[in-house]
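Listed below, chain by chain, are the residues.
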Amino acid sequence: MEAAAADPRLAQVARAVHAQAELVRAWPLPGGVSAQVTALEVRLPGGRGGRLVVRQYGAANLAADPHAASSEAELLGVLRAAGLPVPRPRYADESGRILPGPYLVVDFADGEALREPAAGPADAARQLAAVLAALHRVPRPRAGLRFLRDKAEMFSARLGECPAVLDETLSEGRIRAALAHAWPPARRNEPVLLHGDFWPGNTLWCDGRLTAVIDWEDAGYGDPLADLANGRLEIAMLLGMAAMREFTGHYRAVLSSLDYAALPVWDLCAALRPAGRMSSWGMDTATLGRMRRGHREFTGQALAGI
């Protein structure tokens, strides 16, 4: 939407970041499920231009963390200081003076979502593995980031909430039955910072190079295998099992000291996440079929490894 049609409060948000900023235009960004995401183009003194992103948090995020905006800003600051390719946080506001709920403003990160990898699925898989391994090597600060939740505890709660109707198109019954015997896995790895929803759709790419990891509202801490498993599932569904194996092999080569014995259990945790939801993702029939086939193959190898 053009600035004339934009919510006038967005001009106030831009000025909260740059006191002399003039809002040129605003437009919604695709992919926001748990948050409303809006891009702003602003004009700065001297004719300079800039772009920002405003993230307004949804009810689920705020129920989990009423201070989601300041929490994510603090986390992004830690990650940037560690050299991770994440958006630069600019302004977090929980006062309700401009927008009705908490929101975070970050610099606009150039790039596009990963669709057809420029150098092929294997190269994309290796880049995804490298950035995930880099995240898992970031030391958790002794102070701060106390808002991060334990992912194992969160999954235990979800496992205890069985729906009345299981999604057997994604083998939900078999997954839950296996996890009833295998959960929780032994904690053999030191807890690390976790993205919480690591998959190609939460990355941006320019000319075949991964330039940013975005959407950190599900971040937590725990076994690094939780993030690894989610990435494995999503890559299997989007890029195929060969790319998934390339991703896993590269990650394991970088973090060879981890204990991977519980990976099949975490794989099943990842496989349970889309149960009951995948058909609502707005995919065409062909894409939905491909995703389900990838899920089925991934789930089969996880069940065989339990």
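Please read all numbers here as calculations on a predicted model, not as lab measurements. (Residues numbered from 1 in each chain as written. Predicted model: local features only at pLDDT ≥ 70, side-chain atom pairs only at ≥ 80, totals over all residues. Heavy atoms only, no water.)

(A) Looking closely at unusual backbone geometry. Following Trp183, the chain continues to Pro184 via a peptide bond in cis, the omega torsion being 0°. Here Pro184 lies in the loop between helix 6 (172-182) and strand 7 (192-194). Residue Leu145 is not a glycine yet carries a positive backbone phi of 55°. A relative accessible area of 1% means that Leu145 is categorised as buried. (Helix = DSSP H or I, 4+ residues; strand = E, 2+ residues; numbered from the N terminus. Buried < 20%, exposed > 50% of the residue type's maximum accessible area, 1.4 Å probe, protein only.)

(B) Structural view of the environment of Glu246. Looking at the secondary structure, you find Glu246 in helix 8 (residues 241-254). By relative accessible area, which is 30% here, Glu246 ends up partly exposed. Linking Glu246 and Asp123, residues 123 residues apart in sequence, is a C-alpha distance of 8.6 Å. For Glu246, the side chain forms a polar contact with the side chain of Arg126, separated by 3.1 Å. (Polar contact = N/O pair within 3.5 Å; in protein donor to acceptor, adjacent residues only side chain to side chain.)

(C) Quick look at the pattern of salt bridges. Scanning all chains against the criterion turns up 14 salt bridges. Two residues, Asp110 and Arg51, come together in a salt bridge whose shortest N-O distance is 2.6 Å. Taken together, the residues span a long stretch of sequence, with Asp110 in the loop between strand 5 (103-107) and helix 4 (121-136) and Arg51 in strand 3 (residues 49-57) at a distance of 59 residues. Residue classification places Asp110 among the partly exposed residues on the basis of a relative accessible area of 45%. In this structure, Arg55 engages Glu217 in a salt bridge whose closest nitrogen and oxygen atoms are separated by 3.3 Å. Placement of the pair is Arg55 in strand 3 and Glu217 in the loop between strand 9 (209-213) and strand 10 (220-222), with a sequence separation of 162 residues. When its relative accessible area of 17% is taken as the criterion, Glu217 is described as buried. Three or more residues are tied together by salt bridges with common partners; here these are Arg55, Glu72, Asp215 and Glu217. (Salt bridge = Lys/Arg side-chain N within 4 Å of Asp/Glu carboxyl O.)

Geometry only, nothing functional implied.
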